[in-house]
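This is what each chain is made of:
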Amino acid sequence: MAIPDLAIVVPTLNERGNVAELVRRLVACLDGIRWEILFVDDDSSDGTRAAIAELAAADSRVRLLHRVGRRGLASACVEGMLASLAPVLAVMDADMQHDETLLPRMFDLMRRDEADMVVGSRYVDGGSVGGWASDRRRISSFATLLGQKLLKVAVADPMSGFFMLRREVLERALPRLSGKGFKILLDILASAEGAVRVRELPFVFRTRMAGESKLDSMVIYEYGLLLYEKLFGHIVPVRFLMFVSVGGVGALLHLAVLGAAMAVAGLSFATGQSLAALAAMVLNFSLNNLFTHRDLRLRGHHLAGGLIRFMAVCSAGAVGSVAIGSFLNGHGIPWWMAGLMGATVGAVWNYAVTTILVWKRRTGVPPRVS
Ligand code: GDD
Ligand code: MN
């Protein structure tokens, strides 16, 4: 098959019951367009890939990109788009929530050069979120407002997971794309260099056909990360900020354990201090494993080795921090400034070295958060 005019990228995570119906609908509505559908599957365990293979055997326009060992809606969309050579790219859910009959109209606006991007929008006249509970409605519109204000994006529905764009728009955004979380459209809009002509077409968000939503409470946290990264990520990387915040929580636990050891258990300062340091390190390791390095999370038998390496690195950091602080204080720097500078060097050391030795990034695997 020659290069298609349009690629539809569909991220999947356990969508076996939906993929055949989606392809059937695309075949029905995309007559006259040379298209392909590219599923990007994050190692689904329910037989999604077998169902896709069956469809591909019957129709060569069906393709699959299988990713192993990582997760993430946004990064799946980006990699799917990059795996196609089509000049126009679309993204949609696998679960029939997005109205596929919009696709030919979106493509038409592109072909007539009336837009660089067309968004399937729930928040323009004629669109709606369908049967959402009022809670989710409120959260969604608040998140939308935040995104619009903070990132200066003038699109009614920047959180939509249903859109089409020219490849050039993606390429202009790529160098600055965060690729984290769910909000791929907002990410592209906030990252694209230069003007993007955006059109919005209304649609009614349908209820999911088979399976269940993969959106959990983590998406709110991930959304926060995306906003932070777009606003301040170039000043202080989000991971470092999280690492330091976790350090702050650890310091509080340290004081609590030390106080309890001396006042309640009647232990000496040295014993209490050792126990407190141990408790703080275990807590910091766990929190960093859960949040800071969520994407590279150590599990099972890797946990023990990771903890030992973490404690070794942080002990070295503590020694260095004391040495630097004492040196500076001995040379006339006020105690608080010397202490702060020692602590800063220790934090940077701990962060940099644990990122290399504890939460190792396999080569070729870009960062992801979700
Ligand atoms: N490959 C991959 N990896 N696919 C994923 C992942 C992942 O980590 N997480 C979710 N998906 C797939 C799902 O299988 C589905 O096809 C699509 O991405 C969207 O996930 P849903 O679980 O259906 O999300 P939703 O319907 O709750 O949220 C939709 O609406 C939001 C707007 O409120 C999505 O379109 C969001 O992108 C959109 O922001
Ligand atoms: Mn969905």
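Residues numbered from 1 in each chain as written. Chains lettered and ligands numbered in written order. Predicted model: local features only at pLDDT ≥ 70, side-chain atom pairs only at ≥ 80, totals over all residues. Heavy atoms only, no water.

A closer look at the pattern of salt bridges
Which entries qualify depends on this criterion: In what follows, salt bridge is the name for a side-chain nitrogen of Lys or Arg lying within 4 Å of a carboxyl oxygen of Asp or Glu. Only DSSP runs of H or I with at least four residues qualify as helices, and only runs of E with at least two residues qualify as strands; both kinds are numbered from the N terminus onward. The buried label goes to any residue with under 20% of its type's maximum accessible area, the exposed label to any with over 50%, and the partly exposed label to all in between, with areas taken from a 1.4 Å probe on protein chains only.
One pass over the structure, following the stated rule, counts 28 salt bridges. Here Glu15 ties to Lys214 by a salt bridge, and the two come within 3.2 Å at their closest N and O atoms. Of this pair, Glu15 sits in the loop between strand S1 (6-12) and helix H1 (16-29) while Lys214 is found in the loop between strand S7 (198-202) and helix H8 (218-232), placing the two residues 199 residues apart along the sequence. Take Lys214: its relative accessible area is 27%, and that puts it in the partly exposed class. Arg166 is paired through a salt bridge with Asp113; the nearest N and O atoms lie 3.2 Å apart. Here the residue Arg166 occupies a position in strand S6 (residues 163-166), and Asp113 occupies one in the loop between helix H4 (102-111) and strand S5 (117-121), the gap between them amounting to 53 residues.

Remarks on the packing of helix H10 (residues 269-292) against helix H11 (residues 302-330)
Cut-off, in case you're wondering: To get an axis, fit a line to the C-alpha atoms, keeping to the stretch in contact for a helix; angles then go from 0 to 180 degrees between the N-to-C directions. Angles are sorted into four bins: roughly parallel if under 35 degrees, roughly antiparallel if over 145, roughly perpendicular if 65 to 115, and oblique for all others. Here a crossing is taken to be left-handed if its near helix is turned anticlockwise relative to the far helix by less than a right angle, and right-handed if that turn runs clockwise. Here, two residues are considered to be in contact whenever any of their heavy atoms come within 4.5 Å of each other. Amino acids are sorted into nonpolar (Ala, Val, Leu, Ile, Met, Phe, Trp, Tyr, Cys and Pro), charged (Asp, Glu, Lys and Arg) and polar (every other residue, Gly among them).
Direction vectors running N to C along H10 and H11 enclose 120 degrees, while the axes themselves pass 10 Å from each other. Looking at the two axes, H10 sits oblique to H11. The hand of the H10/H11 crossing is right-handed. Contact residues: H10 offers Leu278, Met281, Val282, Asn284, Phe285, Asn288 and Asn289, while H11 offers Leu303, Gly306, Leu307, Phe310, Met311, Cys314 and Ser315. Looking at the contact of H10 with H11 residue by residue, the classes come out as nine nonpolar, five polar and no charged.

Looking at unusual backbone geometry
Positive phi outside glycine occurs at Asn14, with the angle close to 55 degrees. Here Asn14 lies in the loop between S1 and H1. On the basis of relative accessibility, which here comes to 28%, the residue Asn14 falls in the partly exposed class. At Met96, a residue that is not glycine, the phi angle is positive and equals roughly 75 degrees. Checked against the element boundaries, Met96 lands in the loop between strand S4 (88-91) and H4.

Here's the deal with the sheet that holds S5
Cut-off, in case you're wondering: In short, DSSP must find at least two bridges between two strands for them to pair.
Here we have seven strands laid out as an open sheet, ordered S3-S2-S1-S4-S6-S5-S7, and mixed in their pairing. Of all the strands in the sheet, just strand S3 (62-66) and S7 have a single pairing partner and so form its edges. The sheet shows a mean angle of 20 degrees between the axes of neighbouring strands, taken without regard to direction. Relative to S6, S5 is paired through three bridges, and the arrangement is antiparallel. Counted as the bridge partner of Val119 is Phe163 from S6. Packing of H1 onto the sheet brings it into contact with S1, strand S2 (35-41) and S3, and relative to S2 it is tilted by some 160 degrees.

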